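# Structure at a glance
Each chain is listed here by its residues.
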Amino acid sequence: MMVAIWIFTLLLVGLWSLAAWGLAVLLGSDAGWVDGVQMWLVDAPFGDWLDAWVPGWMMATQAMLDALQAMLSWLGGATPWLVGVVWLFGTLALLGLGGLL
């Protein structure tokens with residue numbers, strides 16, 4: 001049973017590391033991809049249907065995407081340190097949980 005707990009814990013640490021790597025790539029990339037999402041939403045075929053159910057969804061979505069683009073631009077240089085600290089605390093928590101179990 002103890003071997004299964006540690007295998008499961010190491011699997012979770014691996015998935016946590018993969019998620020941290022993905023976050024680092026996303027935050028470290030150019031924030032210009034957000035404009036592509038905005039253009040896709042303008043041309044989306046479901047826009048009229050969604051506008052009937054949720055009026056003003058396009059303005060709210062564009063405001064959120066603009067805020068996301070500003071945040072990604074602001075986080076550009078601090079990304080490696082921020083992701084590293086979050087990864088470290090998450091890994092320590094997972095290993096501590098595995099040790100506790």
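As a starting point, this report considers the structure included with it. (Residues numbered from 1 in each chain as written. Predicted model: local features only at pLDDT ≥ 70, side-chain atom pairs only at ≥ 80, totals over all residues. Heavy atoms only, no water.)

## Some words on the overall build of the chain
The secondary structure content of the chain amounts to 5 helices and 0 strands. For a compact globule of 101 residues, the expected C-alpha radius of gyration is about 13 Å, and the chain comes in at 20 Å, more than 25% above that figure. In terms of its C-alpha atoms, the chain occupies a principal-axis envelope of roughly 55 × 35 × 15 Å. Counting across all 101 residues of the chain, residues that qualify as buried make up 23%. In the chain, once contacts between residues fewer than 6 apart in sequence are set aside, the share between residues at least 24 apart is 79%. (Helix = DSSP H or I, 4+ residues; strand = E, 2+ residues; numbered from the N terminus. Rg over C-alpha atoms; globule rule 2.2 N^0.38 Å. Buried < 20%, exposed > 50% of the residue type's maximum accessible area, 1.4 Å probe, protein only. Contact = heavy atoms within 4.5 Å.)

## So, the packing of aromatic side chains
Applying the stated criterion across every chain yields a total of 1 aromatic pair. On the numbers, 6.5 Å between centres and 50 degrees between planes, the contact of W49 with W53 is tilted. Here W49 pairs with W53, and both are found in helix α3 (residues 47–53), just 4 residues apart, close to one helical turn. Accessibility classification places W49 together with W53 in one group, the exposed group. (Phe/Tyr/Trp six-rings, centres within 6.5 Å; stacked < 30°, edge-to-face > 60°.)

## Let's talk about the side chain of T91
Topologically, T91 is positioned in helix α5 (residues 79–100). Here T91 falls in the buried class, since its relative accessible area comes to 9%. The residues touching T91, leaving out its near neighbours within four places in the chain, are V13 and W16.

## Details of helix α1 (residues 2–28)
Taking 1.5 Å per residue as the helical rise, α1 with its 27 residues ought to reach 39 Å, and the 38 Å between its terminal C-alpha atoms agrees with that figure. Among all positions of α1, only I5, T9, V13, A20 and L27 are buried. In the core, the buried residues of α1 are packed alongside α4 (57–74) and α5. (Expected span 1.5 Å × (residues − 1).)

## Things to note about α4
Counted at 1.5 Å a residue, the expected span for α4 with its 18 residues is 26 Å, and the 26 Å between its end C-alpha atoms agrees. All buried positions along α4 are accounted for by W57, T61, L65, Q69 and L72. Down the axis of α4, the buried set is contained in an arc of 105 degrees. They therefore lie on one face. Across α4 from its buried face, at more than 90 degrees, point the exposed residues M59 and W74. For α4, the secondary structure elements touched by its buried residues are α1, α2 (33–42) and α3. (Arc of directions from axis to C-beta.)

## Considering the packing of α1 against α5
Two numbers describe how α1 lies on α5: the axes approach to 10 Å, and their chain directions differ by 170 degrees. Considering their axes alone, α1 and α5 lie roughly antiparallel with respect to each other. Every residue of α5 that contacts α1 at I5, W6, T9, L12, V13, W16, S17, A20, L23, A24, L27 and G28 is listed here: T79, V83, V86, W87, G90, T91, L94, L95, G98 and G99. Class assignment for the residues of the contact of α1 with α5 results in 14 nonpolar, 8 polar and no charged. (Axes fitted to C-alpha atoms, helices over the stretch in contact; angles between N-to-C directions. Parallel < 35°, antiparallel > 145°, perpendicular 65-115°, else oblique. Nonpolar A, V, L, I, M, F, W, Y, C, P; charged D, E, K, R; others polar.)

Scope: geometric values only; no functional claims are made or implied.
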